[in-house]
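Coordinate inspection notes
Chain by chain, the residues run as shown.
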Amino acid sequence: MTEINRRRFLGILTALPLAPYCATATAAAAAAEAPRLASAVSSDDGVHSLLIRRADGQTLFQHPLPARAHQVLVDAPRQRLVVVSRRPGYSLEVIDYRELKALKRIAVTEGGSFYGHAELSADGRYLMTTEASAADDEGRVVFRDVEDDYRVVREIRSGGVGPHELRRFGDTLIVANGGIRTEGREKTNLDTMQPSLVRLDIASGEIRETHRFDETFHQASIRHIDLTPDGAVLVAMQYEGTPRPDTPLAAIQRPGEAMTTLPIPAGVHAQLRQYCGSACVDSSGRYGAISAPRGNQMMFWDLQEARYLGQCMVLDGCGLARGQAAGEFYASSGVGRVYRLKAQTQARERIDKTPSLHWDNHMVNLA
Amino acid sequence: MNIAKQITRRVWWLPLVMSAGVLNAAPSDEAWSVWNEAAIDQHVIPRYQTLAEQSAAMQSAVAGYCKAPDADSLSGARDAYVEAMLAWQGIQHVNFGTVLYLMRDSAMQFWPDRKNVGRRQLRAALSYSGGAYDEEYFRDASISVKGFPALESLLFDEAIADKREKFPRYCELMTAIAGNIAQMTDSIAVQWDDARSQYTDAGHNTFFEEPADASAQILKSLVEPLEVLRDTKILRALDESAAESNWKRSESWRSGISVANLSANVAALEALYQGTKPLSVKGLLEAQDQTALAVAISDQFAQIRAHLKTIAEPQAGPLSEAQWQDLNALAGQIRDLNEQLDEAMLALGINLGFNSRDGD
């Protein structure tokens, strides 16, 4: 079946959820087994696209993008995805993942650029993105009204330079301010960078908490985060200074408490090349995973006990999405593979291999 | 099991790889397994053994100078440094395996040192009053004082005799760093005994799912260093013009072997490309019906090697216009080789990485 035909066929299936014949029932059962994963991908010849693909390797939708993209945000009530272009990014792509069609391309406001990540307000009304401002070095969180054609309605300060991933917890917005000032993709302030993890009051824009490491580690760029159900933040970092064996690369920060590093055994830490890619908390909220694509490792922790569980090797692996079961994760790689991983045992099961598909840094499970 | 036996054990299937039946398909698992074994046993491990031997010799020579400092013992120590450094240049491209343990890859040679961390740390080390420069000292020390650049700046200091007077622990530190290099290189070599099977048994262990996955890691060490050679080792010193250039930004200007380093690097990559038996990267390409590309890469290596022979080590400071043009042309040749090898990786179905090379 060609991609187009398959897409149409699936479109029909999703339009008739209760269709009472066998084929539908079989397809539905298969769907339950293989969740849909969404990610930015690139091809060997440098074409960038959004990909929606079943975990077992069946492509449902592939949509070309104007540039390399980073996070894919799920707007579940509207069955939409917002694909954020990679920093310095200039557009967002809105996709209907039920109908499998592109809805809209949103250009960044003049003078600004996207940092690659987005989040939704509690009521789903506002899309929030980390962006650079033409006015000064400090990052911004820009609010767009989803109900009003994604019109920009508000802008607040992110509390630091180079904000990257952001997550909402209740009425609080948590922003990873990477600390790095850039011109294009060139880093221009590594000697003086001051990354921070900030908890902001969304309504007022006021900063409630700012977390930093000791000055010794001011070059640990706080970039990627995920949340547990009780608002603890799992943090993945990239160290920009002189390599050393004790640089913070993974951390946890619970509401109102200091940010503390998560243990990584010395032998593993030495292989990571001071670089972690994605952070992901599992469906139970107990287990955390962080990818290290330069060290080809996926690491796991019991977050309740802040205990290191182990790692498994995934070549060029970066994208992480939670699975259904406790401790279960999906991982994608730049060399075209998708795996199901188990935090408790560090078991690795390869479920897809298409070498020409370079899965980009982040992946999300649409279930 | 010795290497000859391992090769004999595998050699039966060789005609399969070379036969017309597999032309234009990616090399088989078996072919990659044989190549992995050849690359590790004939290239990686022997070069680390050479490095360990040269480093041990360097340690003795530096200790000898410190025991009886005179012109002869100094030149002996400096010569030994050059031999050990060139042995390191012959395996510096390998960015996998035991060199990564305990961050030895950075510790062996922290370079380029853009913020002059080494100079600061070395001064602190010279006035250190907390006991011997022993294993514990090096475990906690900055990586900038653990390896070759730190030793070079002590050993090749033009006023070394005055410095020994000025800093009572000068010689002690110099010997200790040489000893640390010897110890690290010995461990890197010895630990390959255990690490070897991760690569040679790829596809049958928990590290690599397929033999080609291990091959991709090894091949990264063939292709990716070319960018370092061009951008970091050459163009960084060249800057935008001869007037803005400064050979003090080259890798080993103090010891005067920055060009020799490049020759050692290119020779090492050439050996990894075509020096392994019974299979080489070149042979694998030819078996893919890519003979023209395979030969063009060999020719490019030969041309770069020949060009390097004609380049004399520049003096520290700005380059002449002729030197600048010559080195710039060399950088262009290396860029072309890089592109050819990228093409070769595509032809071999090898993906060197995406997220690991350019992520956010």
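Keep in mind the model is a prediction, meaning the values are calculated, not measured. (Residues numbered from 1 in each chain as written. Chains lettered and ligands numbered in written order. Predicted model: local features only at pLDDT ≥ 70, side-chain atom pairs only at ≥ 80, totals over all residues. Heavy atoms only, no water.)

1. Overview of the confidence of the model for chain A
Interpreting fine coordinate detail is not advised for predicted regions of low pLDDT. For the record, the criterion: pLDDT measures the predictor's confidence residue by residue and takes values from 0 up to 100. The contact criterion used is simple: two residues touch if any of their non-hydrogen atoms lie within 4.5 Å.
A residue-level look at chain A finds 91% of positions with pLDDT of 70 or above and a mean pLDDT of 91. Between residues 1-31 of chain A, whose pLDDT stays under 50, and residues either more than four places distant or in other chains, the model counts 18 contacts.

2. Examining the pairing of strand β24 (residues 297-302) of chain A
All names here are of chain A. What counts is decided by this rule: When accessible area is computed with a 1.4 Å probe and restricted to protein chains, residues below 20% of their type maximum are described as buried, those above 50% as exposed, and intermediate ones as partly exposed. Helix and strand assignments come from DSSP, with helices taken as H or I runs of at least 4 residues and strands as E runs of at least 2, each series counted from the N terminus. Being paired, for any two strands, means DSSP has found at least two bridges between them.
Burial analysis of β24 places six of its six residues in the buried class, which makes it a mostly covered element. Taking every second residue as pointing to the same face, both faces of β24 are buried, with Gln-297, Met-299 and Trp-301 on one and Met-298, Phe-300 and Asp-302 on the other. Where strand β23 (residues 287-292) meets β24, six bridges bridge the pair, whose relative direction is antiparallel. Paired with Tyr-287 across the strands is Asp-302, a residue of β24. Between β23 and β24, which pair antiparallel in sequence order, lie four residues; one of them, Asn-296, sits at a positive phi of approximately 60 degrees.

3. Side note on the nonpolar core
How we decide: As used here, the term nonpolar core means buried Ala, Val, Leu, Ile, Met, Phe, Trp, Tyr and Cys residues forming a set that is joined through side-chain atoms within 4.5 Å.
Core analysis: the largest hydrophobic core is formed by 113 residues, its most contacted members being Trp35(B), Tyr48(B), Met58(B), Phe148(B), Met174(B), Trp192(B) and Leu222(B). The contact partners of Phe148(B), leaving out residues within four places of it in the chain, are Leu51(B), Met58(B), Tyr81(B), Ala84(B), Met85(B), Trp88(B), Met108(B) and Ile181(B). Formed by 34 residues, the second largest nonpolar core is a distinct cluster that contains Ile222(A), Met259(A), Leu262(A) and Ile264(A).

4. Observations concerning the interface of chain A and chain B
It is common to give the size of an interface as the accessible area lost on bringing the parts into contact. The criterion, for reference: Two N or O atoms count as a polar contact when they lie within 3.5 Å, although within protein this holds only if one can serve as hydrogen donor and the other as acceptor, and sequence-adjacent residues are included solely when both atoms are side-chain atoms. Residue polarity is assigned by list, with Asp, Glu, Lys and Arg as charged and Ala, Val, Leu, Ile, Met, Phe, Trp, Tyr, Cys and Pro as nonpolar; anything else, Gly included, falls into the polar class.
Residue-level contacts link 41 residues of chain A with 27 residues of chain B. Across the chain A-chain B interface, the total number found is 22 residue pairs in polar contact (both at pLDDT 80 or more). Within the residue set of the side of chain A that touches chain B, elements represented by two or more residues are β18 (220-227), β28 (337-342), β29 (347-353) and β30 (358-365) of chain A. Broken down by element, the residue count for the side of chain A that touches chain B peaks at four residues, all from β30(A). Split into classes, the residues belonging to the side of chain A that touches chain B amount to twelve nonpolar, 13 polar and 16 charged.

5. Brief notes about the state of the cysteines
A covalent bond between the sulfur atoms of two cysteines is what we call a disulfide. Let me state the cut-off plainly: Pairs of cysteine sulfur atoms within 2.5 Å are what we label disulfides.
Applying the stated criterion across every chain, the model contains one disulfide over all chains. A sulfur-sulfur separation of 2.1 Å characterises the disulfide bridge that pairs Cys66(B) with Cys171(B). Judged by the torsion about the S-S bond (-90 degrees), the Cys66(B)/Cys171(B) disulfide is left-handed. One end of the pair, Cys66(B), is in helix α3 (residues 29-67); the other, Cys171(B), is in helix α10 (residues 170-200), with 105 residues separating them in the sequence. Given the relative accessible area of 21%, Cys66(B) is considered partly exposed. Owing to a relative accessible area of 13%, Cys171(B) belongs among the buried residues under this scheme. Free of any disulfide, Cys312(A) has its nearest cysteine sulfur in Cys280(A), 13 Å distant.

6. Notes on the sheet that holds strand β4 (residues 69-75) of chain A
Residue and element names in this part refer to chain A. Just so we agree on the cut-off: Angles shown run from 0 to 180 degrees and are taken between the N-to-C directions of axes, each axis being a line fitted to C-alpha atoms and, for helices, limited to the stretch in contact.
Strands sit in the order β4-β5-β6-β7 across an open sheet of four strands; the sheet is antiparallel. Edge strands, defined here as strands with exactly one partner in the open sheet, are β4 and β7 (101-107). In this sheet, neighbouring strand axes are inclined to one another by 20 degrees on average, regardless of whether the strands run parallel or antiparallel. The pairing of β4 with strand β5 (residues 80-85) spans five bridges and is antiparallel. Its bridge partner lying in β5, Val-72 is registered against Val-83.

7. Looking at α3(B)
Threshold: Here a helix's expected span is defined as the number of its residues, less one, multiplied by 1.5 Å. Bending is quantified residue by residue as the angle between axes fitted to the seven-residue window ending at that residue and the seven-residue window starting at it.
For α3(B), with 39 residues, the first-to-last C-alpha span of 55 Å sits near the 57 Å given by 1.5 Å per residue. Within α3(B), the axis deviates most sharply at Ile40(B), by approximately 30 degrees.

8. Concerning a positive patch on the surface
Inclusion rule: Only residues above 30% relative accessible area that lack a salt bridge enter a patch, with like-charged residues linked at up to 9 Å and the nonpolar side chains Val, Leu, Ile, Met, Phe, Trp and Tyr linked at up to 5 Å. Reported accessibility uses the Shrake-Rupley method at a 1.4 Å probe radius. Residues are deemed covered only where the shown protein chains occlude them. Salt bridge criterion: a side-chain nitrogen from Lys or Arg within 4 Å of a carboxyl oxygen from Asp or Glu. In this tally, Asp and Glu contribute negative charge and Lys and Arg positive charge; neither His nor the terminal groups of the chain are included. All charge positions are set by atom: Lys at NZ, Arg at CZ, Asp at CG, Glu at CD.
A surface patch of like charges, here positive, comprises Arg119(B), Arg123(B), Lys166(B), Lys248(B) and Arg254(B). With respect to the element layout, Lys166(B) can be found in helix α9 (residues 160-166).

9. Details of the pattern of salt bridges
All told, the structure shown has 52 salt bridges over all chains when counted by the stated rule. A salt bridge links Glu99(A) to Arg98(A); the nearest nitrogen and oxygen atoms lie 3.1 Å apart. For Glu99(A), a relative accessible area of 46% translates into the label partly exposed. For Asp149(A), the salt bridge is made with Lys104(A), and the minimal N-O distance between the two is 3.3 Å. Within this pair, whereas Asp149(A) is found in the loop between β10 (138-145) and β11 (151-161), its partner Lys104(A) is found in strand β7, the two being separated by 45 residues in sequence. By sharing partners, the salt bridges in this structure join Arg68(A), Arg86(A), Arg87(A), Arg185(A), Asp360(A), Asp358(B) and Asp360(B) into a single network.

10. Some thoughts on the packing of helix α11 (residues 211-223) of chain B against helix α16 (residues 321-347) of chain B
The relative placement of two packed helices comes down to the angle between their axes together with the axis-to-axis distance. All names here are of chain B. Convention followed: Throughout, the term roughly parallel applies to angles under 35 degrees, roughly antiparallel to angles over 145, roughly perpendicular to angles from 65 to 115, and oblique to all others. A clockwise turn of the near helix away from the far one marks a right-handed crossing, whereas an anticlockwise turn of less than a right angle marks a left-handed crossing.
Their axes nearest at 10 Å, the elements α11 and α16 cross at an angle of 165 degrees. In terms of their interaxial angle, α11 and α16 are classed as roughly antiparallel. As α11 packs across α16, the resulting crossing turns out to be right-handed. In this structure, α11 uses Leu-219, Leu-222 and Val-223 to contact α16, whose residues at the interface are Asn-338, Leu-341, Asp-342 and Met-345. Taken together, the residues of the contact of α11 with α16 sort by class into five nonpolar, one polar and one charged.

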